[in-house]
Amino acid sequence: MRKLVAGNWKMNGLRVEGAALARDIAARAKAAPPVAEIVLCPPATLLVPVGEAIAGSGVALGAQDCHPEGKGAHTGDISAPMLKDAGCSYVIVGHSERRQDHNEGDAVVRAKAAAAVAAGLCAIVCVGETAAERDSGRTEAVVVRQLRGSLPPKLTAGQLVVAYEPVWAIGSGKTPTPHDVAAVHGRIRDALRELAAESAAVRILYGGSVKPANARALLSIADVDGALVGGASLVVADFWAIARGCG
Ligand code: PGA
């Protein structure tokens, strides 16, 4: 399966700059199709204009969250069928910023991932340890516990992507050593196999301070099947250099 490079714009971008960023990436993708699959995950207000800007370029659209239910009395929330209707093929669920800011636990993340798959979306499920968990030697135990709690059963590589994002690496400029990334990704691969034979080939992304300078090294580690990119996805040249680093 192709590697996947996803840009998580988080809560950044107004219409004019968001559409311009997307148009620039779409133009580069058309001119020199990247080896990796590219997904842009803008804020919900930009899904439609970004979708229009990337139409026909091979770049896919993703959202940053969804509600576990399809519709109903949930003021301010957006459902997975609505995201599908807006042109998405991916949705991120369980990002650590949502786990922290909105108190989302594994059970709700699992319900969101199941809703995404039921709507025909591919769920990008995020897991990762805090600095305190890492310092106490619990990284792998935490990640495996989150996976077991957050993944719906028997999802295939077309329905699920796992993103390993150490919380302390997000936006900090710090990254784990290649040795540590390899160990955690290997453990995630084992956990996926243990959970279901169908899930053995699910792509495992690394996320947390991926930059042009470290992308090639990170993306060449065994069982690193792509990257989830935050800050650097807002700078066209940087995001593009990361995407090219997969090839
Ligand atoms: P970062 O964010 O690349 O800015 O560290 C990654 C993420 O939170 O997905």
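Here the structure is a predicted model, which means the values were calculated and not measured.

A. View of the overall build of the protein. Secondary structure summary: the protein contains 10 helices and 8 strands in total. For 247 residues, the compact-globule formula gives about 18 Å, and the C-alpha radius of gyration of the protein, at 17 Å, lands near that figure. Structurally, the protein occupies a C-alpha span of about 45 × 45 × 30 Å along its principal axes. Per-residue burial for the protein yields a buried fraction of 53% across its 247 residues. Nonlocal contacts in the protein, meaning residues at least 24 apart in sequence, comprise 72% of its contacts between residues at least 6 apart. Surface accessibility of the protein: about 10,500 Å² in total, with carbon and sulfur atoms responsible for 55%. Distance from the positive charge centre (26 side chains) to the negative charge centre (24 side chains) of the protein: 4 Å.

B. Up close: the state of the cysteines. Enumeration over the complete set of coordinates arrives at 0 disulfides. Cysteine Cys88 is unpaired, with the sulfur of Cys41 as its nearest cysteine sulfur at 7.9 Å. Its relative accessible area of 3% is what places Cys88 among the buried residues. You can see Cys122 has no disulfide; the closest cysteine sulfur is in Cys41, sitting 10 Å from it.

C. Just unusual backbone geometry, in detail. The backbone of Ser209 shows a phi angle near 60°, a positive value even though the residue is not glycine. Structurally, Ser209 is set in the loop between strand S7 (203-207) and helix H9 (212-219).

D. Region of interest: the environment of Val181. With respect to the helices, strands and loops of the structure, Val181 is situated in helix H8 (residues 178-195). Overall, the relative accessible area of 0% leaves Val181 in the buried class. C-alpha separation for the pair Val181 and Ala222, spaced 41 residues apart in sequence, amounts to 9.0 Å.

E. How the structure looks around the site of the ligand. Within the structure, the ligand sits among 13 residues, and Lys10, His95, Glu165, Gly171 and Ser209 are positioned closest to it. At 2.7 Å, a side-chain N or O of His95 approaches an oxygen atom of the ligand. One nitrogen or oxygen atom from the main chain of Ser209 is found 2.7 Å from an oxygen atom belonging to the ligand. Protein contact buries 96% of the 280 Å² of open area that the ligand shows by itself. Residue composition of the shell around the ligand, grouped by class: 4 nonpolar, 7 polar and 2 charged.

F. Molecular detail of the pairing of strand S4 (residues 90-93). Residues Tyr90 and Ile92 point to one face of S4 and Val91 and Val93 to the other, with burial holding for every one of them. Pairing of strand S3 (residues 60-63) with S4 involves 2 bridges; the strand directions are parallel. Along S4, the bridge assignment pairs Ala63 with Val91. The parallel pair S3 and S4 is bridged by helix H3 (residues 80-85), and the resulting crossover is right-handed. By the bridge criterion, 4 bridges tie S4 to strand S5 (residues 122-127) in an arrangement that is parallel. The partner of Tyr90 across the bridge, within S5, is Cys122.

Calculation criteria
- The residue count restarts for each chain, going from 1 along the sequence in the order it is written.
- With the structure being a predicted model, the display of local features is reserved for residues of pLDDT at least 70 and the display and counting of side-chain atom pairs for 80 or more, all residues being used for whole-chain, interface and lining totals.
- Only hydrogens and water are set aside; all other atoms, that is, all heavy atoms of the structure, feed into the side-chain values.
- For the purposes of this entry, the term helix denotes a DSSP run of H or I that reaches at least four residues, the term strand denotes a run of E that reaches at least two, and both are numbered from the N terminus.
- Atoms counted for the radius of gyration: C-alpha only. Globule rule: 2.2 Å times the number of residues to the power 0.38.
- Each residue's exposure class comes from its accessible area (1.4 Å probe, protein chains only) as a fraction of the maximum for that residue type: buried when under 20%, exposed when over 50%, partly exposed otherwise.
- Whether two residues are in contact is decided by their heavy atoms, any of which lying within 4.5 Å being enough.
- A 1.4 Å probe and the Shrake-Rupley method give the accessible areas. Residues count as covered only by the protein chains that appear here.
- Here the positive residues are Lys and Arg and the negative ones are Asp and Glu; neither His nor the chain ends is included.
- For this purpose, a charge sits on NZ of Lys, CZ of Arg, CG of Asp or CD of Glu.
- Throughout, a disulfide means two cysteine sulfur atoms within 2.5 Å of one another.
- A molecule or strand has a residue near it when one of that residue's heavy atoms lies within 4 Å.
- Polar contacts, as used here, are pairs of N or O atoms within 3.5 Å; protein pairs need one atom able to donate a hydrogen and one able to accept it. Residues neighboring in sequence count only if both atoms are side-chain atoms.
- Gly is put with the polar residues, along with every residue not named as nonpolar or charged; the nonpolar set is Ala, Val, Leu, Ile, Met, Phe, Trp, Tyr, Cys and Pro, and the charged set is Asp, Glu, Lys and Arg.
- When DSSP locates at least two bridges between a pair of strands, those strands are taken to pair.
- The handedness of a crossover follows from its direction of travel: if, with the strands pointing away from the viewer, the path from the first strand over the helix to the second runs clockwise, the crossover is right-handed.

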